[in-house]
Amino acid sequence: MTALETWELRAEFASRLSIMYGQEVPAYNTLVDVSTEVNEAYVAKHGAEAERLGSISRVTAERHGAIRVGSPKEMAQVARIFAAFGMYPVGFYDLRDASSSSVPVISTAFRPIDKDELARNPFRVFTSMLAAEDPRFFDSEVRAELAEFIGARNLFGEDLLTLADKATASAGLDPDDAERLLDLATAAFELSGEPVDYEWYKKLEAISAVASDIGGVSTTHINHLTPRVLDIDDLYERMQARGITMIDEIQGPPNWGGPDVLLRQTSFRALGENRVFRYADGSTDEGELRVRFGEVEARGIALTVGGRDLYDRMVAESDARLAAAPEGTTRVEAAAMVWAENLPLTEKELALQGLAYFTYGLDEGQLRQKDLASPVTLASLVEAGIAVPEPIVYEDFLPRSAAGIFQSNLTEEGSKDEEQIGTNYDIHQMSKIVGTTVHDPNDLYQRQQEDSIAALASRLNVTITQ
């Protein structure tokens, strides 16, 4: 029988997780249904232009998951599992200082890195690790208790890890092994019915609800599974019309009338889920936890390093503008004003100013009207209409937005001792933790853009300078 290729394993893995999560959190199914409605309406209204940032089949199938683990050992194991599905660590996100609430995690995202693999199935999993050594959150006693508790658990069985390594080495699996891998991998992220130690969970929850969700239970689980939508403002309104309580606002760039860039995210609020607690006297009883929520995202154009610097300045200016604005002004209103003042209104200007990443197609009709001399600048080709910018989709995440989603779904702020010095983490430390290089997303976008320019230069038989 024909072996399943890596991308087929990835697509099936995403599908199975989606079915499982829909059974665990039924409101997720509503979110998917409304996302489909919004996307269909958007395509009907905008036609081919709606697929400028990805085909409708890709957007409809697209998901990003989120999981949380407790230690470098668990992080390295999960990296082996995701490698079996052609998903590699991209980006480093430090959420510890990205929110006013206590969110003691560092994160990376496992996803495909090849554009053709992304087109086949762009499943990505935002994976957070508890920064259990950070003394700002955990004193020496709790650090020792966390190390003992997390060290004693086994999230991923040896059979799963062995099959994952085999799939990675072979770039696929035969049907029987593939079925076994998919069964084991899906089950590893299923919500457990095992009783939760009430006293231990509550001790961690007083520090951070995120910490208790990671280190207060003996298993891991899908924290949220996120569909992609083409009009997130429309979705927000439709979800509220169905009586589903959404968080207060959409995280990320505002709805401002210009090109969609980076990432916008929102979610419905965490819902109460029945869990069994074990108490100090050995008795058990049902209780409720609110840690899982339904997130949705709208993806825009990837910004260059210069574009991200501008974005960060606009975020800071938006905060300052909001603080000085008349009472009743919303964050979105303040941000929209700042964006209109600073960001180009067209994709062409984004390309010309080097603020966003693009691939470049060739307009043969415009070429026939021009005489090209080598070398030629990319800007002159764009201005002449010969080189046509095609936006590169932003495949990654924003620390402030991720932290904002976390914070919006927390009931308590938690605690953090700012007198302590935080543990140092960066992309190099994360690479050591996961056991492989964590890719810089800018390098991936830059390479895709440069490959496109090189291909264009070859077709035109000229040297293109930038």
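Residues numbered from 1 in each chain as written. Predicted model: local features only at pLDDT ≥ 70, side-chain atom pairs only at ≥ 80, totals over all residues. Heavy atoms only, no water.

Going by an unreviewed UniProt entry, the chain carries the name 2-oxoadipate dioxygenase/decarboxylase and comes from Arthrobacter stackebrandtii. Under Cofactor (unreviewed entry), UniProt gives the following word-for-word description of the chain: "Fe(2+)". Per UniProt, the chain carries the Sequence similarities (unreviewed entry) text "Belongs to the 2-oxoadipate dioxygenase/decarboxylase family." (UniProt positions renumbered as here; feature names shortened; annotations may be inferred.)

Draft legend 1. The nonpolar core, seen in detail. Within the largest apolar cluster, 65 residues are counted, with the highest numbers of intra-cluster contacts made by Leu-146, Trp-339, Tyr-360 and Ile-464. Counting residues per element, this core draws most heavily on helix H19 (residues 441–460), at 5 residues. Leu-146 has contacts with Leu-130, Ala-132, Phe-138, Gly-151, Trp-200, Leu-204 and Gly-215, leaving out every residue within four places of it along the chain. Of all hydrophobic cores here, the second largest spans 61 residues; its members include Met-20, Leu-155, Leu-235 and Met-430. (Core = buried A, V, L, I, M, F, W, Y, C linked by side-chain atoms within 4.5 Å. Buried < 20%, exposed > 50% of the residue type's maximum accessible area, 1.4 Å probe, protein only. Helix = DSSP H or I, 4+ residues; strand = E, 2+ residues; numbered from the N terminus. Contact = heavy atoms within 4.5 Å.)

Draft legend 2. Molecular detail of the packing of helix H1 (residues 6–24) against helix H2 (residues 26–46). In the contact formed by H1 and H2, the axes pass within 4 Å of each other and the chain directions differ by 120 degrees. Between H1 and H2, the angle falls in the class oblique. Mapping the contact onto sequence places Ser-18, Tyr-21, Gly-22, Gln-23 and Glu-24 in H1 and Pro-26, Tyr-28 and Asn-29 in H2. Here the residues of the contact of H1 with H2 are counted per class, giving 3 nonpolar, 4 polar and 1 charged. (Axes fitted to C-alpha atoms, helices over the stretch in contact; angles between N-to-C directions. Parallel < 35°, antiparallel > 145°, perpendicular 65-115°, else oblique. Nonpolar A, V, L, I, M, F, W, Y, C, P; charged D, E, K, R; others polar.)

Draft legend 3. Focus on the pairing of strand E2 (residues 63–69). Counting buried positions along E2 gives 7 out of 7 residues, so the element sits mostly inside the fold. Neither face of E2 is open: one carries Arg-63, Gly-65, Ile-67 and Val-69, the other His-64, Ala-66 and Arg-68, and all of them are buried. Strand direction decides the pairing type here: E2 and strand E8 (residues 224–227), joined by 4 bridges, are antiparallel. Within E8, the residue paired with Gly-65 across the bridge is Leu-225. Where E2 meets strand E5 (residues 124–130), 6 bridges bridge the pair, whose relative direction is parallel. Residue Ile-67 lies in a different strand from E5, and its bridge partner there is Thr-127. (Pairing = 2+ DSSP bridges.)

Draft legend 4. A look at the pattern of salt bridges. Counted by the stated rule, this structure contains 38 salt bridges. The shortest N-O distance in the salt bridge between Asp-177 and Lys-166 comes to 2.6 Å. Of this pair, Asp-177 sits in helix H8 (residues 175–188) while Lys-166 sits in helix H7 (residues 158–170); the two residues are 11 residues apart in sequence, bridging distant segments of the chain. Glu-205 is the partner of Lys-202 in a salt bridge, and the nearest nitrogen-oxygen pair spans 2.9 Å. Pair noted here: Lys-202 and Glu-205 are both in helix H9 (residues 198–207), with a separation of 3 residues, about one helical turn. The exposure class of Lys-202 is partly exposed, given its relative accessible area of 31%. Taken together, the shared-partner salt bridges in this structure form one network comprising Arg-58, Glu-62, Arg-124, Arg-228, Glu-297, Arg-299 and Glu-395. (Salt bridge = Lys/Arg side-chain N within 4 Å of Asp/Glu carboxyl O.)

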